[in-house]
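Read off the chains here:
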Amino acid sequence: MTSLSRRVLHALERFHADRPWDHNAHFHRWILRQLPRRVGSALDVGCGSGDLARLLAGRAERVHGVDADPAIIARARELTPTGVPVTYTAADAPAVLPDGPYDVITCVAVVHHLPFTRALEAFRDHLAPGGTLVIVGVSRERTPVDRLLSVVSVPLNIVMALLKNRGRPVPRPVSMTARTRPPDMTFPEIVRAARTVLPGARLRRRLFWRYTLVWHRR
């Protein structure tokens, strides 16, 4: 890496540190569009501060959020108004999931922290017949398509940071305080493994370093 490249990278890192925006929350409305207008129950795995779980409460009669971090679960409870039909549990997925079945299961930027195949099997087994599983994930960049989407995402990322924060420095959202780690599976590896467990699953690369998976249980 050249000295100029390092300076540019450092400037971008400083810019985004001052103007963070939640790439995962960017997909929340898209997730809702994949779901029926009304469902009985929903499970959000890796719910963090509960932003998506509270949105799901607008579609579901009851919602359960699960996260391995007790501190973020406590914060999710604080942020959830009394009367909103959302409950939370601190538990390690996929080994421990609340008893189902659920009409909807969501998992955003979490499945790469889990044993991938076992997680998909657990989601499948907790999904009710006719139910919908929606995953937003991250994959390891390797193919030319990955690199192209990454290059396109960089300037769009700057534009989104400016629009969402109105050009001003802002504090990091609570939803972005969870621990993270880089993914170890490439998108083609994810597709092969997912379609073995979830026949007919629809997977697609997305901008902002994400992919999506949608599966309907028959």
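Anything mentioned here points back to the structure above.
Here we summarise the structure given alongside this text. (Residues numbered from 1 in each chain as written. Predicted model: local features only at pLDDT ≥ 70, side-chain atom pairs only at ≥ 80, totals over all residues. Heavy atoms only, no water.)

**Here's the deal with the pattern of salt bridges**
In the structure shown here, the tally under the stated rule is 4 salt bridges. Residue E78 is joined to R75 by a salt bridge in which the shortest nitrogen-to-oxygen separation is 2.9 Å. Of the two residues, E78 and R75 are both situated in helix α4 (residues 70–79); the distance of 3 residues between them amounts to about one turn of the helix. (Salt bridge = Lys/Arg side-chain N within 4 Å of Asp/Glu carboxyl O. Helix = DSSP H or I, 4+ residues; strand = E, 2+ residues; numbered from the N terminus.)

**Some words on a positive patch on the surface**
Taken together, the side chains of R140, R142, R147 and R192 make up a positively charged region of the molecular surface. Positionally, R140 belongs in the loop between β5 (127–137) and α6 (144–164). Take R140: its relative accessible area is 33%, and that puts it in the partly exposed class. (Patch = residues over 30% accessible without salt bridge, like charges linked within 9 Å, V, L, I, M, F, W, Y side chains within 5 Å. Areas by Shrake-Rupley, 256 points an atom, 1.4 Å probe, with all protein chains shown as cover. Lys, Arg positive; Asp, Glu negative; His and termini not counted. Charge placed at Lys NZ, Arg CZ, Asp CG, Glu CD. Buried < 20%, exposed > 50% of the residue type's maximum accessible area, 1.4 Å probe, protein only.)

**Focus: unusual backbone geometry**
Most peptide bonds take the trans configuration, and most residues that are not glycine carry a negative phi. Between A93 and the following residue, P94, the backbone shows a cis peptide bond with an omega angle of 0 degrees. For P94, the position within the fold is in the loop between β3 (86–90) and β4 (102–108). Geometrically, the link from G100 to P101 is a cis peptide bond, its omega value of 0 degrees lying close to zero. Here P101 shows up in the loop between β3 and β4. Even without being a glycine, A109 presents a positive backbone phi close to 55 degrees. A relative accessible area of 14% means that A109 is categorised as buried. Despite not being glycine, W209 has its phi angle at roughly 60 degrees, a positive value. Positionally, W209 belongs in the loop between β6 (202–206) and β7 (210–216).

**Concerning the environment of G48**
With respect to the helices, strands and loops of the structure, G48 is situated in the loop between β1 (39–45) and α3 (51–56). Judged by its relative accessible area of 12%, G48 is buried.

**Some words on the sheet that holds β5**
Overall, mixed pairing links the 7 strands, which are arranged β3-β2-β1-β4-β5-β7-β6 in an open sheet. Here the strands that pair on one side only, and so sit at the sheet edges, are β3 and β6. Going across the sheet, the axis of each strand differs from the next one's by a mean of 15 degrees, ignoring polarity. Note: β6 against β7, 5 bridges, orientation antiparallel. Following the sheet pairing, R206 is matched in β7 by R210. In the packing of α4 onto the sheet, contacts are made with β2 (60–67) and β3, and the angle to β3 comes to roughly 165 degrees. Of the strands in this sheet, β1, β4, β5 and β7 are in contact with helix α5 (residues 116–126), which crosses β5 at around 145 degrees. (Pairing = 2+ DSSP bridges. Axes fitted to C-alpha atoms, helices over the stretch in contact; angles between N-to-C directions. Contact = heavy atoms within 4.5 Å.)

**Structural notes on the packing of α5 against helix α7 (residues 187–197)**
Running from N to C, α5 and α7 point in directions that differ by 35 degrees, and their axes come no closer than 10 Å. Two packed elements cross with a definite hand, and for α5 against α7 that hand is right-handed. Counting all contacts with α5, which are made through F116, T117, L120, E121 and R124, the residues of α7 involved are I190, A193, A194 and V197. Its residues assigned to classes, the contact of α5 with α7 shows 6 nonpolar, 1 polar and 2 charged. (Left-handed = near helix turned anticlockwise from the far one by under 90°. Nonpolar A, V, L, I, M, F, W, Y, C, P; charged D, E, K, R; others polar.)

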